[in-house]
Amino acid sequence: MTFSKTKAYELSFKQLQNLLKTEDNWITKMSTINCVLKTNFPYYFWVGFYLVSEPQKLIVGPYQGTLGCLHIDFGKGVCGASAKTRETQLVEDVHAFPGHIACDSASNSEIVVPVFDPQKNLIAVFDVDSTEKASFNETDKIWLEKILVHFFERSEIRNLNF
Ligand code: SME
């Protein structure tokens, strides 16, 4: 049977709704989203969140995959571009993207989606990398935006209090 992105996103969204029904913690939500999506999508090579740590700066948060860069400035690479513009970046060939940060040379295409809290503050960007070129398209964009809006922008969230 051929792989259907739409079916895999529908299934992932249902699984996440069940799993996260009573969860309001950022880190718990982010870790669970990474795991469910990486399990359901064969082309997800690296998946994770970069958190807004201080103005104009990102630090690596929960992720699954090979070692990610620890710090990224707004405006640098694909994640930095998404943080700066507050818009999704869909990149068919990362090597052609100006200023692309190669954390792992195996990555060839990428999507980065901004993550907002209910006040529309940018709290993170969500990054998915694939080893194939042009793995991501409008279907990934629509569904990932829907998932991230649902679990962060339209729901109660709180940060960890250590
Ligand atoms: N490729 C990203 C950097 C993060 S990692 O690949 C995990 C970028 O250019 O934003």
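Read on for an overview of the structure. This one's a predicted model, so the numbers in the text were calculated from it and none came from an experiment.

Pairing of strand β1 (residues 46-54) with strand β6 (residues 122-130), which is carried by six bridges, proceeds in the antiparallel orientation. In the sheet register, G48 faces β6, and the bridge partner there is D127. When β1 meets strand β2 (residues 57-64), the two strands line up antiparallel, connected through six bridges. Paired with E54 across the two strands is K57, which belongs to β2.

Looking at the secondary structure, you find D129 in strand β6. No salt bridge is formed by the buried D129; the nearest opposite charge belongs to K38, separated by 11 Å. Sequence-distant contacts of D129, that is, excluding residues within four places in its chain, are made with Y43, Y44, F45, W46, S107, S109, E110 and F136.

Now for the state of the cysteines. As used in these notes, a disulfide is a covalent bond between sulfur atoms, one from each of two cysteines. One pass over the full model with this rule turns up one disulfide. Note that C69 is cross-linked by a disulfide to C103, the S-S spacing being 1.9 Å. On the sign convention where negative means left-handed, the S-S torsion of about -110 degrees between C69 and C103 marks this disulfide as left-handed. In this pair, C69 sits in the loop between β2 and β3 (71-73) while C103 sits in the loop between β4 (89-91) and β5 (109-116), placing the two residues 34 residues apart along the sequence. In this structure C69 comes out as buried when scored by relative accessible area, which is 18%.

Parameters at a glance
- Residues numbered from 1 in each chain as written.
- Predicted model: local features only at pLDDT ≥ 70, side-chain atom pairs only at ≥ 80, totals over all residues.
- Heavy atoms only, no water.
- Pairing = 2+ DSSP bridges.
- Helix = DSSP H or I, 4+ residues; strand = E, 2+ residues; numbered from the N terminus.
- Buried < 20%, exposed > 50% of the residue type's maximum accessible area, 1.4 Å probe, protein only.
- Lys, Arg positive; Asp, Glu negative; His and termini not counted.
- Salt bridge = Lys/Arg side-chain N within 4 Å of Asp/Glu carboxyl O.
- Contact = heavy atoms within 4.5 Å.
- Disulfide = S-S within 2.5 Å.

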